[in-house]
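# A look at the structure
Read off the chains here:
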Amino acid sequence: MHTLENKTTCTIAAPISGDKILTGDRATGPLHIGHYVGSLQQRVILQDKYQQTILVADMQGLTDNGYHPEKVSSNILNVVADYLCVGIDPAKTTICLQSSIPALAELTMYYANLVSVARLQRNPTVKSEIANKSFGKSIPAGFLTYPISQAADITAFNGTLIPVGEDQLPLLEQTNEIVRKINAIAGEEILVECRALLSKVPRLPGADGKNKMSKSMSNSLLLSASEQDIKRVVKSMYTDPKHLNINDPGQIEGNVVFTYLDAFHSDSKYIETLKRQYQEGGLGDGHTKKILEECLQDFLRPIRLRREMLMNDKAQLLSILKEGTERSQDEANQVLRRVKNAFGLNLF
Ligand code: ATP
Ligand code: MG
């Protein structure tokens, strides 16, 4: 068992020898700092010791963007650039494109026969996402069933350890249910169950403090944010509404500035001192925001510069994605073959 440590957040987790890391991101927009602390940072560490596959989930992005697909197609290379600019190394990590691996869609169709509509409707993540999106009565079947397609993604690469934010836990639980059903039909363990790897910041809130920072909620601070974006977002941040004067005692819980300082500042002792001062009174929100802004500017500046260079060579990004996708086909096809065998359908 290893303890992962890094400058800012990283994790107390339990990767074990032989773990296969599988994770992914919907291609619904450029990635944000919530992705970084929730998952990307872990992937950068894990790639040194474990076999890792990262999926750009473009088909899953379409599940709520079917009528404006350009939102997905235009973001595929953005996501690849975001991976590389934070330190994902394509020589160590396989980066692949969901829509170009046909076995994933086939597996989804087989698994779909084992999952009831009621079970999908009960999935807490799907439930809250439906509540937040304006589908009305027209929930796309693809959206309701995306947990099944996600189970296909994970199992196709024999993923055992999944570095994710906490919104993904119900989806991994549902994946493991499918794994057990398939294994029961096969009469042997042809698929492996997976475990979640949560970071110390499994759910970074948006600047308003209300919801999870998310590409779909316009509450993100992007990894590619400009200096001005960072300034604006920090300025707008939710603090303690009762902390009106500098000398008033302030509250830390729910104060997004402190949540972000905990997540991104490298000197936790200093942040603890600031917190005590804030709670006692005598520390203004302007001051804490200034410290946070400096910290985020320092953190994001080199990432932004690397990303700008990467985006100047889209052919290279495309070639990395194509190469990783080609490398992924074989493993996914082998899993598909085992699943078809379980259903007695490999006639030729
Ligand atoms: P969308 O709104 O399109 O669903 P998203 O911002 O939720 O986008 P995803 O692509 O769904 O991003 O998530 C990719 C990974 O990043 C998942 O493991 C998810 O749990 C993690 N993640 C996303 N947002 C956060 C966050 N605010 N805090 C921690 N982890 C996050
Ligand atoms: Mg999401």
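If you're wondering where the values come from, they're calculated on a predicted model, not measured in any experiment.

Parameters at a glance
- Residues numbered from 1 in each chain as written.
- Chains lettered and ligands numbered in written order.
- Predicted model: local features only at pLDDT ≥ 70, side-chain atom pairs only at ≥ 80, totals over all residues.
- Heavy atoms only, no water.
- Domains from an automatic or database assignment.
- Contact = heavy atoms within 4.5 Å.
- Buried area = accessible area lost by both parts, 1.4 Å probe.
- Salt bridge = Lys/Arg side-chain N within 4 Å of Asp/Glu carboxyl O.
- Helix = DSSP H or I, 4+ residues; strand = E, 2+ residues; numbered from the N terminus.
- Nonpolar A, V, L, I, M, F, W, Y, C, P; charged D, E, K, R; others polar.
- Buried < 20%, exposed > 50% of the residue type's maximum accessible area, 1.4 Å probe, protein only.
- Near = heavy atom within 4 Å.
- Polar contact = N/O pair within 3.5 Å; in protein donor to acceptor, adjacent residues only side chain to side chain.
- Areas by Shrake-Rupley, 256 points an atom, 1.4 Å probe, with all protein chains shown as cover.

## Description of the domain arrangement of the protein
- Under the domain assignment, the protein is made up of domain 1 (4-204 + 314-343) and domain 2 (224-310).
- The C-alpha-based centres of domain 1 and domain 2 are spaced at 31 Å.
- The interface of domain 1 with domain 2 comprises 17 residues on the first partner and 12 residues on the second.
- Between domain 1 and domain 2, a total of about 1300 Å² is buried, with carbon and sulfur atoms accounting for 69% of that surface.
- Inspection of the domain 1/domain 2 interface yields 1 salt bridge.
- Measuring nitrogen to oxygen at the nearest pair gives 2.5 Å for the salt bridge that ties Arg-307 to Asp-82.
- Among the secondary structure elements, those contributing two or more residues to the side of domain 1 that touches domain 2 are helix H1 (33-46), helix H4 (76-86) and helix H15 (314-342).
- The element best represented in the side of domain 1 that touches domain 2 is H4, accounting for 6 residues.
- For the side of domain 1 that touches domain 2, the class distribution of residues is 11 nonpolar, 3 polar and 3 charged.

## Focus: the environment of Glu-106
- By the secondary structure assignment, Glu-106 is in helix H5 (residues 102-112).
- Residue Glu-106 is classed as partly exposed on the basis of its relative accessible area of 33%.
- Counting along the chain gives 234 residues from Glu-106 to Lys-340, while the straight-line C-alpha distance between them is 9.6 Å.
- Once you skip the residues sitting within four places of it in the chain, Glu-106 turns out to touch Leu-336 and Lys-340.

## Some remarks on the site of ligand 1
- Surrounding ligand 1, one finds 21 residues, the nearest of these being Thr-28, Asp-167, Lys-212, Lys-215 and Ser-216.
- Separating an oxygen atom of ligand 1 from a side-chain N or O atom of His-32 is a distance of 2.9 Å.
- Note that an oxygen atom of ligand 1 is positioned 2.5 Å from one of the side-chain N or O atoms of Ser-216.
- Look at ligand 1: alone it shows 600 Å² of surface, and the protein chains cover 96% of it.
- Listed by contribution, the elements that provide at least two residues to the shell around ligand 1 are strand S1 (20-26) and H1.

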